[in-house]
Amino acid sequence: MESQEKFIIGIILFIVIAIGIIILLNVDKGYYEYKGLYGDFIISPIKMENLTFYDVHTIQDGRRYIIPLHNKPEDVENIYLESKIVDKLNKKEGIEMLYVTKDPDIINLTGGKASIAVIEFGRILGTNNYGLYKINTKSAVTKDIGDKITPVITCSDINSTISVIHVKLGKENRIYSENKCVIVEGIDGDGLIKAADKFSYHLMGIM
């Protein structure tokens, strides 16, 4: 009788442990894996009040980076991105300065979202902690705003040491180039952020 009870208890314990393992395996991990161009990337949704951001985990040169974006990869998959667009930044030529320029009135027209769009990819290109490319990056405008601080830069200023990204409103959400000038275009503020995030995912080698 004793051995039978031990056997039954053993089975019950086995079932309890098995159920526990199943629950642990199926619990929400708080992240998911996205199959990118160069392997699987971890995407962690982060909820803050009514907003959701997406922490993107990437490893570059042996160092782990976690970069927050406004859109998950699936949200921007269908946005057009020109092939080999990064080559337009003269990266191989060792540029001295990358200007991210925009029309002065675009901030008001997008309710400030154009500035968010610039930050999304600007930090990946720049020299800060998020910077993967470590390019000296500076904000500019296409027309003089009279502050004597913000440089006036257009696509025509590109040369062997200067690259330009022009953030603008247009008819589509897309990333393309005109000669060596990279254009990040959106139909509105939200479209600009989506285009910027698509560009960001591309810069990280995910898309």
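Computed from a prediction, not measured in an experiment: that's the story for all the values here.

**Topic: the sheet that holds strand S8 (residues 162–169)**
One open sheet accounts for six strands, arranged S5-S9-S10-S8-S6-S7; its pairing is mixed. Both edges of this open sheet fall to strand S5 (80–81) and strand S7 (137–141), since each of them pairs with a single strand only. Looking at chain direction, S8 and strand S10 (residues 181–186) are connected through five bridges and run parallel. Paired with histidine 166 across the bridge in S10 is isoleucine 183. Relative to S10, helix H5 (residues 189–203) is tilted by about 135 degrees, and along the sheet it contacts S5, S8, strand S9 (174–178) and S10.

**Remarks on helix H4 (residues 113–125)**
Taking 1.5 Å per residue as the helical rise, H4 with its 13 residues ought to reach 18 Å, and the 19 Å between its terminal C-alpha atoms agrees with that figure. Where H4 bends most, the angle comes to about 25 degrees, and this point is isoleucine 119. Of the positions making up H4, those classed as buried are Ala114, Ala117, Val118, Glu120, Phe121, Gly122, Arg123, Ile124 and Leu125.

**Looking at unusual backbone geometry**
One non-glycine residue, glutamate 49, adopts positive backbone phi at about 55 degrees. Considering the arrangement of structural elements, one finds glutamate 49 in the loop between strand S2 (39–48) and strand S3 (51–60). Of note, asparagine 179 is a non-glycine position whose phi angle comes to about 55 degrees, a positive value. Inspection of the secondary structure puts asparagine 179 in the loop between S9 and S10.

**What about the side chain of threonine 142?**
Relative to the assigned elements, threonine 142 resides in the loop between S7 and S8. According to the relative accessible area criterion, threonine 142 is buried, its value standing at 15%. Apart from residues no more than four positions distant in its own chain, threonine 142 is found in contact with Thr101, Lys102, Asp103, Pro104, Val152, Ile153, Thr154 and His166.

**Digging into the pattern of salt bridges**
Per the counting criterion, the structure on display carries four salt bridges. Among the salt bridges present, the one from glutamate 120 reaches arginine 123, with a minimum N-O distance of 3.0 Å. A residue pair is termed a helical-turn pair when its members lie 3 or 4 positions apart in one helix, as glutamate 120 and arginine 123 do in helix H4 at three residues. Under the relative-accessibility criterion, glutamate 120 is labelled buried at 2%. Across the pair arginine 174 and glutamate 185 runs a salt bridge whose closest N-O atoms are separated by 3.2 Å. With arginine 174 in strand S9 and glutamate 185 in strand S10, this residue pair connects regions lying eleven residues apart in the sequence.

**A word on the sheet that holds strand S4 (residues 63–69)**
Judged by pairing direction, the sheet is antiparallel, and its four strands sit side by side in the order S1-S2-S3-S4 without closing on themselves. Across the chains shown, the open sheet's two edge strands, defined by having one partner strand only, are strand S1 (32–36) and S4. Here the strands of the sheet are splayed against their neighbours by 35 degrees on average, with no regard to which way each runs. As paired strands, S3 and S4 are joined by seven bridges and run antiparallel to one another. Across the sheet, residue isoleucine 59 finds its bridge partner in S4, namely arginine 64.

**So, the packing of aromatic side chains**
The final tally for this structure, using the stated rule, is one aromatic pair. Cation over ring: arginine 174 sits above tyrosine 176, and NZ or CZ is 4.0 Å from the ring centre.

**Concerning the packing of H4 against H5**
The geometry of H4 relative to H5 is characterised by a closest axis approach of 8 Å and an angle of 5 degrees between their N-to-C directions. Taken together, the axis directions place H4 and H5 in an arrangement best described as roughly parallel. Note on element contacts: H5 touches H4 through Gly189, Asp190, Leu192, Ile193, Ala196, Asp197, Phe199, Ser200 and Leu203, opposite Lys113, Ala114, Ile116, Ala117, Glu120, Phe121, Ile124 and Leu125. Residues of the contact of H4 with H5, tallied by class, amount to eleven nonpolar, two polar and four charged.

Analysis parameters
- Residues numbered from 1 in each chain as written.
- Predicted model: local features only at pLDDT ≥ 70, side-chain atom pairs only at ≥ 80, totals over all residues.
- Heavy atoms only, no water.
- Pairing = 2+ DSSP bridges.
- Helix = DSSP H or I, 4+ residues; strand = E, 2+ residues; numbered from the N terminus.
- Contact = heavy atoms within 4.5 Å.
- Axes fitted to C-alpha atoms, helices over the stretch in contact; angles between N-to-C directions.
- Expected span 1.5 Å × (residues − 1).
- Bend = angle between axes of the 7 residues up to and from the residue.
- Buried < 20%, exposed > 50% of the residue type's maximum accessible area, 1.4 Å probe, protein only.
- Salt bridge = Lys/Arg side-chain N within 4 Å of Asp/Glu carboxyl O.
- Phe/Tyr/Trp six-rings, centres within 6.5 Å; stacked < 30°, edge-to-face > 60°.
- Lys NZ or Arg CZ within 6 Å of the ring centre and 35° of its normal.
- Parallel < 35°, antiparallel > 145°, perpendicular 65-115°, else oblique.
- Nonpolar A, V, L, I, M, F, W, Y, C, P; charged D, E, K, R; others polar.

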